[in-house]
Amino acid sequence: MVTAITEGIRVSVETTYQAEFSSPHQHHYVFTYKVKIENNSSHTIQLMRRRWEIVDAGDNTKFVEGDGVVGLQPVLEPGASHEYVSGCNLKSGLGKMRGVYIMEKLFDGKLIEVRIPEFQLISDIFDN
């Protein structure tokens, strides 16, 4: 698990290789990642948008941007947390992801970029 903290907002990520949904002989590798967002600041925040950079070992980089996470724009009061699971596909069994959440401080409307720590996507073929 990797963790980053931005302005009191803690983001932790844990990844899992999904061998049963992958087809290495067809260059199709599936990964899931579980994210926990903890609001340790003194302000209520709302997750508005996300931006991801996904890097495949084959030097393929793609950028993904959109509203919220898995269809939600959660509001987190001080001390609250939100967890979700999502996934991505790679053409190789090795890659990495990193990104930011755009969050709004609800008391003044200020937007902040909360860092999502870089994490590795490693298939079983590299675990040995």
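Scroll up to find the structure.
The sections below set out a description of the structure shown in this document. (Residues numbered from 1 in each chain as written. Predicted model: local features only at pLDDT ≥ 70, side-chain atom pairs only at ≥ 80, totals over all residues. Heavy atoms only, no water.)

Once that is clear, we can look at unusual backbone geometry. Phi is positive for Glu7, close to 50°, though the residue is something other than glycine. Tracing the sequence through the fold places Glu7 in the loop between β1 (2-6) and β2 (9-17). The backbone of Val70 sits at a positive phi, close to 40°, despite the residue not being glycine. Following the sequence through the fold, Val70 ends up in the loop between β5 (61-67) and β6 (75-76). The exposure class assigned to Val70 is partly exposed, which follows from its relative accessible area of 47%. (Helix = DSSP H or I, 4+ residues; strand = E, 2+ residues; numbered from the N terminus. Buried < 20%, exposed > 50% of the residue type's maximum accessible area, 1.4 Å probe, protein only.)

Mapped onto the elements, Lys34 comes out in strand β3 (residues 29-39). Given the relative accessible area of 40%, Lys34 is considered partly exposed. Sequence separation between Lys34 and Ser12 is 22 residues, and the spatial gap between their C-alpha atoms is 8.2 Å. Within the structure, the side chain of Lys34 is placed 3.4 Å from the side chain of Glu83, a separation counted as a polar contact. (Polar contact = N/O pair within 3.5 Å; in protein donor to acceptor, adjacent residues only side chain to side chain.)

As a further point, take the pairing of strand β8 (residues 94-105). Alignment of strand β4 (residues 45-56) against β8, held across 11 bridges, turns out to be antiparallel. Bridge pairing links Gln46 to Glu104 in β8. Examined bridge by bridge, β8 and strand β9 (residues 111-122) share 10 bridges and lie antiparallel to one another. From the neighbouring strand, Ile102 faces β9, where its bridge partner is Glu113. Taken together, β8 and the strand that follows it, β9, pair antiparallel across an intervening segment of 5 residues, in which Gly109 is found at a positive phi of about 75°. (Pairing = 2+ DSSP bridges.)

Attention shifts here to the packing of aromatic side chains. The full count for this structure, using the stated rule, is 6 aromatic pairs. Residues Tyr17 and Tyr29 carry aromatic rings whose centres are separated by 6.4 Å and whose planes lie at 35° to one another, so their mutual orientation is tilted. Taken together, the residues span a long stretch of sequence, with Tyr17 in strand β2 and Tyr29 in strand β3 at a distance of 12 residues. Across this residue pair, the class does not change: Tyr17 and Tyr29 are buried. Arranged with centres 5.3 Å apart and planes meeting at 50°, the rings of Tyr17 and Phe31 form a pair that is tilted. Placement of the pair is Tyr17 in strand β2 and Phe31 in strand β3, with a sequence separation of 14 residues. Judged by relative accessible area, which is 14%, Tyr17 ranks as buried. Aromatic rings pair up to connect Tyr33, Trp52, Tyr101 and Phe119 into one cluster. (Phe/Tyr/Trp six-rings, centres within 6.5 Å; stacked < 30°, edge-to-face > 60°.)

A few words now on the pattern of salt bridges. Under the criterion given, the structure shown has 9 salt bridges. Taking the shortest distance from any N to any O, the salt bridge between Lys34 and Glu83 comes out at 3.4 Å. Of this pair, Lys34 sits in strand β3 while Glu83 sits in strand β7 (residues 81-90); the two residues are 49 residues apart in sequence, bridging distant segments of the chain. Overall, the relative accessible area of 41% leaves Glu83 in the partly exposed class. The shortest N-O distance in the salt bridge between Arg51 and Glu113 comes to 2.9 Å. Here Arg51, found in strand β4, pairs with Glu113, found in strand β9; they are 62 residues apart in sequence, far enough to count as distant. (Salt bridge = Lys/Arg side-chain N within 4 Å of Asp/Glu carboxyl O.)

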